[in-house]
Structures are given as C-alpha cells and as structure tokens.
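Read off the chains here:
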Amino acid sequence: MAPKKPPQISDTPDRRMRGFEPAGRLLRERIRVAGESRGFAVSRLLTHWAEIVGEDIAAQTRPVKIGYAKGGFGATLSLLTLGASAPMLQMQLPQIREKVNACYGYNAISRIVLTQTAPIGFAEGQAQFTPAPKAEKPPPSPELRARAHETAEGFGDPTLRAALEKLAQNVLSRSESRAKLKKG
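Residues numbered from 1 in each chain as written. Predicted model: local features only at pLDDT ≥ 70, side-chain atom pairs only at ≥ 80, totals over all residues. Heavy atoms only, no water.

Draft legend 1. Fine view of helix α8 (residues 158-183). The terminal C-alpha atoms of α8, which comprises 26 residues, lie 37 Å apart, in line with the 38 Å expected from a rise of 1.5 Å per residue. All of the buried residues along α8 are Ala168, Gln169 and Leu172. Packing partners of the buried residues in α8 comprise α7 (142-151). (Helix = DSSP H or I, 4+ residues; strand = E, 2+ residues; numbered from the N terminus. Expected span 1.5 Å × (residues − 1). Buried < 20%, exposed > 50% of the residue type's maximum accessible area, 1.4 Å probe, protein only. Contact = heavy atoms within 4.5 Å.)

Rendered as structure tokens:
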C-alpha cells in the first residue's frame, strides 16, 4: 500500500462554501486598513461610536483621527464637532476620554482635541452628523392593494402571502409613480 501524499497548499484563495456572507465580514479587512491609516487601531471606536460615548454626544461629534506621540505614550483623539456645541463638549472631555479608554481597555487616549466646523461651507468643512429623515410614503390606493392581494392570493402560507402582498404593493406603487413621472 502506497503512503498518502500530504495535502498541497494552493495559491488559489479559499472558496466560500456557505453561500452568502454578511457584508461586514467581506469588508472587515478594508475597514481595518482604512481605520489604521487614520490611527484607529480599534475600529470599534468608529463603528460603535454612539454606543461608546452615548447618543447625545455621538449626535454632536465624530471621531476623525488618532495621533500618537513620538514616545508612544498616550494618543490624541481628534473629534469633529459643530462650532456651537464645542463649549459644552469641552466640559465633557474627561468623561468622553474615560469612555473611549474603556473601549480600548487601557489609557490609550491621553488627550482629546475638538475640531470645530460649520454645517455648510467648504467641502472639507461640511459636517453631517445625523442622517436625513426618511420621507414617509402615502398609503397605497385601494385599487393597488386589491391588485397586490390578487397577486399573492395563490399561496397557502399566511406569512409568505403577507410578505408577497407587501412586495407586490411596493413594486406596483413604484411602477405607478414612474408612470406618473413619464406623463408629467
């Protein structure tokens, strides 16, 4: 009987065997590299900013950069904020520093610098801290609901039928709005 050959290491990347992967897993390496280029060794500080410092402070600030001193002890965290909220945030800097250092697990940040910017102005100075509210869609017309109900009528599972009916309403309302745009 011939001895078995050891498995060969190939130069081809591993193929995914589980189907779809979460986007976070696909982008993890790129996010890490981009964060490290700006001094963020722990990307959690960027991705979970609201959880770390709290909703009220996160609505007014964004972490921009972490700069390390030449000696390597204690880093400086730069936060971007609107000019009007800077004085109030200046008083909260010790608490923010404690929360950020708790994220790192040690006293990584020794200083926090606030960079004030205007909400409008030069391209670099624009700050948008909260996403724009989503516009509410008007309720679908009774005719559209009836057409969507007819589309999903043949399915026995009530959960599936409800999901398909909702999908049909969305598709039909979108095609209706596009038809109105073409006419008008």
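Having put the structure on the table, let's press on.
Draft legend 2. Quick look at a positive patch on the surface. Side chains of Lys137, Lys166, Arg174, Arg178 and Lys182 sit close together on the surface and give a patch of like positive charge. Inspection of the secondary structure assignment puts Lys166 in helix α8. (Patch = residues over 30% accessible without salt bridge, like charges linked within 9 Å, V, L, I, M, F, W, Y side chains within 5 Å. Areas by Shrake-Rupley, 256 points an atom, 1.4 Å probe, with all protein chains shown as cover. Salt bridge = Lys/Arg side-chain N within 4 Å of Asp/Glu carboxyl O. Lys, Arg positive; Asp, Glu negative; His and termini not counted. Charge placed at Lys NZ, Arg CZ, Asp CG, Glu CD.)

Draft legend 3. Quick peek at the layout of surface pockets. Empty space within the largest pocket amounts to approximately 380 Å³. Together, 14 residues line the largest pocket, and Lys137, Pro138, Pro140, Ser173 and Arg174 are the ones closest to its centre. Looking at the lining of the largest pocket, the element that brings in the most residues is α8, giving 8 residues. Residues belonging to the lining of the largest pocket are distributed by class as follows: 4 nonpolar, 5 polar and 5 charged. (1 Å grid on protein atoms, 1.4 Å probe; cavity = no way out; pocket = protein on both sides within 12 Å on 5 of 7 lines; lining within 4 Å. Points joined across faces, edges and corners; volume = space filled by probe spheres on them. Nonpolar A, V, L, I, M, F, W, Y, C, P; charged D, E, K, R; others polar.)

Draft legend 4. The sheet that holds strand β1 (residues 61-68), seen in detail. Read across the open sheet, the 3 strands follow the order β1-β2-β3; overall the sheet is mixed. With one partner strand each, in any of the chains shown, β1 and β3 (109-117) form the two edges of the open sheet. Across this sheet, the average inter-strand angle for adjacent strands is 25 degrees, counted without regard to direction. Relative to strand β2 (residues 75-82), β1 is paired through 7 bridges, and the arrangement is antiparallel. (Pairing = 2+ DSSP bridges. Axes fitted to C-alpha atoms, helices over the stretch in contact; angles between N-to-C directions.)

Fair warning: the whole summary comes from geometry, so function is off the table for now.
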